[in-house]
Amino acid sequence: MDLSMLNPQQRLAAETLEGPVLILAGAGSGKTRALTCRVANLLDHGVPAWNILALTFTNKAAKEMKERITQLVGEQAEDAWISTFHSTCARMLRRDIEKLGYPRSFVIYDDDDQKAVLKEILKRLNIDEKFLPVRELSSKISDAKNKLMGPDEWFRESEKDYRCQMIHNVFLEYETRLKANNALDFDDLLVKTLELLADHPPVLESYRKRFRYVMVDEYQDTNYAQY
């Protein structure tokens with residue numbers, strides 16, 4: 001495979017096919033290009049596409065990565081999982097979420113859906129939105145989930161004041177509403193996948209055997225749950 005478009009350091013990363021590789025470089029210096037060439041080189045060396053998982057943060061970045069790899073090696077890239085963290089987790093959950101007590105037909109709430117539910121809860125609990133803005137609530141719930149905390153864990157770690165108690169009450173009802181509506185928010189996609197893998201070793205083992213090569217674009221931006 002022609003790797004002449006890479007500089008020596010990028011080429012070393014793309015040609016190192018076994019063992020861990022960490023690429024440290026500034027913005028716009030070609031880290032993603034090196035990653036896509038590494039995936040293409042793995043395929044060119046006979047690694048089955050289904051053994052490869054490449055993760056990134058946005059749908060646009062995932063689409064561009066897949067297109068670049070396909071340009072380099074053709075249709076054999078099709079079976080590689082090249083997608084965002086959230087899309088990858090959703091795919092895993094569609095297969096096995098029944099093990100967590102959810103039907104596979106679960107719905108995914110976007111930001112607008114989440115805000116609508118939080119507004120309803122504030123109204124029901126008679127809490128003024130000016131006192132506890134929906135945007136702040138959404139941010140605190142997301143931050144808690146990205147640290148793998150539920151409402152009670154979050155409350156235990158927080159400063160105990162009456163506002164904190166209100167947030168805890170909203171968070172609790174929010175989680176109850178999601179479960180009742182067979183819904184997950186974006187952060188739940190990560191949290192529930194981790195729960196699935198932690199609580200069901202055969203599922204974890206199947207993905208360990210499948211994904212022998214895991215690559216993460218913009219790795220420095222991963223939060224705790226993604227890591």
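Residues numbered from 1 in each chain as written. Predicted model: local features only at pLDDT ≥ 70, side-chain atom pairs only at ≥ 80, totals over all residues. Heavy atoms only, no water.

Asks: Looking at this structure, I do not really get the packing of aromatic side chains. What am I missing?
Replies: The relation between two aromatic rings is expressed through the spacing of the ring centres and the mutual angle of the planes. Scanning all chains against the criterion turns up four aromatic pairs. Taking the centre distance of 5.2 Å and the plane angle of 55° together, the rings of F57 and F85 count as tilted. In this pair, F57 sits in the loop between β1 (52–56) and α3 (59–73) while F85 sits in helix α4 (residues 85–96), placing the two residues 28 residues apart along the sequence. With relative accessibility at 28%, the residue F57 sits in the partly exposed group. Here a set of aromatic residues connected by ring pairs shows up, and it is made of W81, Y207 and F211. Note that K179 overlies the ring of Y102, its terminal NZ or CZ placed 4.8 Å from the centroid. (Phe/Tyr/Trp six-rings, centres within 6.5 Å; stacked < 30°, edge-to-face > 60°. Helix = DSSP H or I, 4+ residues; strand = E, 2+ residues; numbered from the N terminus. Buried < 20%, exposed > 50% of the residue type's maximum accessible area, 1.4 Å probe, protein only. Lys NZ or Arg CZ within 6 Å of the ring centre and 35° of its normal.)

Asks: Can you help me understand the environment of V216 in this one?
Replies: Structurally, the position occupied by V216 is in strand β5 (residues 213–216). A relative accessible area of 24% means that V216 is categorised as partly exposed. Counting along the chain gives 100 residues from V216 to A116, while the straight-line C-alpha distance between them is 33 Å. Apart from the residues lying within four places of it in its own chain, the contact partners of V216 are L35, L55, F85 and T222. (Contact = heavy atoms within 4.5 Å.)

Asks: Would you explain the nonpolar core in this entry?
Replies: Among soluble globular proteins, nonpolar side chains are generally buried collectively. Ranked by size, the top nonpolar core spans 21 residues in total, and within it L93, I97, L184, L189 and Y207 carry the most contacts. Elements supplying a minimum of two residues to this core: β1, α4, α9 (186–199) and α10 (201–210). Considering every element that reaches this core, the biggest residue donor is α4, with five residues. Look past the residues within four positions of L93 in its chain and what remains in contact with it is F106, L184, L189, K192, T193 and L196. In this structure, L122, I127, W154 and F155 belong to the second largest nonpolar core, which totals 20 residues. (Core = buried A, V, L, I, M, F, W, Y, C linked by side-chain atoms within 4.5 Å.)

Asks: Could you clarify how one ought to interpret the pairing of β1 in this entry?
Replies: Regular strands place side chains that alternate from one sheet face to the opposite one. Burial analysis of β1 places five of its five residues in the buried class, which makes it a mostly covered element. The alternating pattern of β1 places I52, A54 and T56 on one face and L53 and L55 on the opposite face, and all of these are buried. Looking at chain direction, β1 and β5 are connected through four bridges and run parallel. Paired with A54 across the strands is M215, a residue of β5. Where β1 lies against strand β2 (residues 81–84), four bridges are found, and the strand directions are parallel. The residue of β2 that forms the bridge with L53 is W81. Crossover connection from β1 via α3 to parallel β2: handedness right-handed. (Pairing = 2+ DSSP bridges. Right-handed = clockwise from strand over helix to strand, strands pointing away.)

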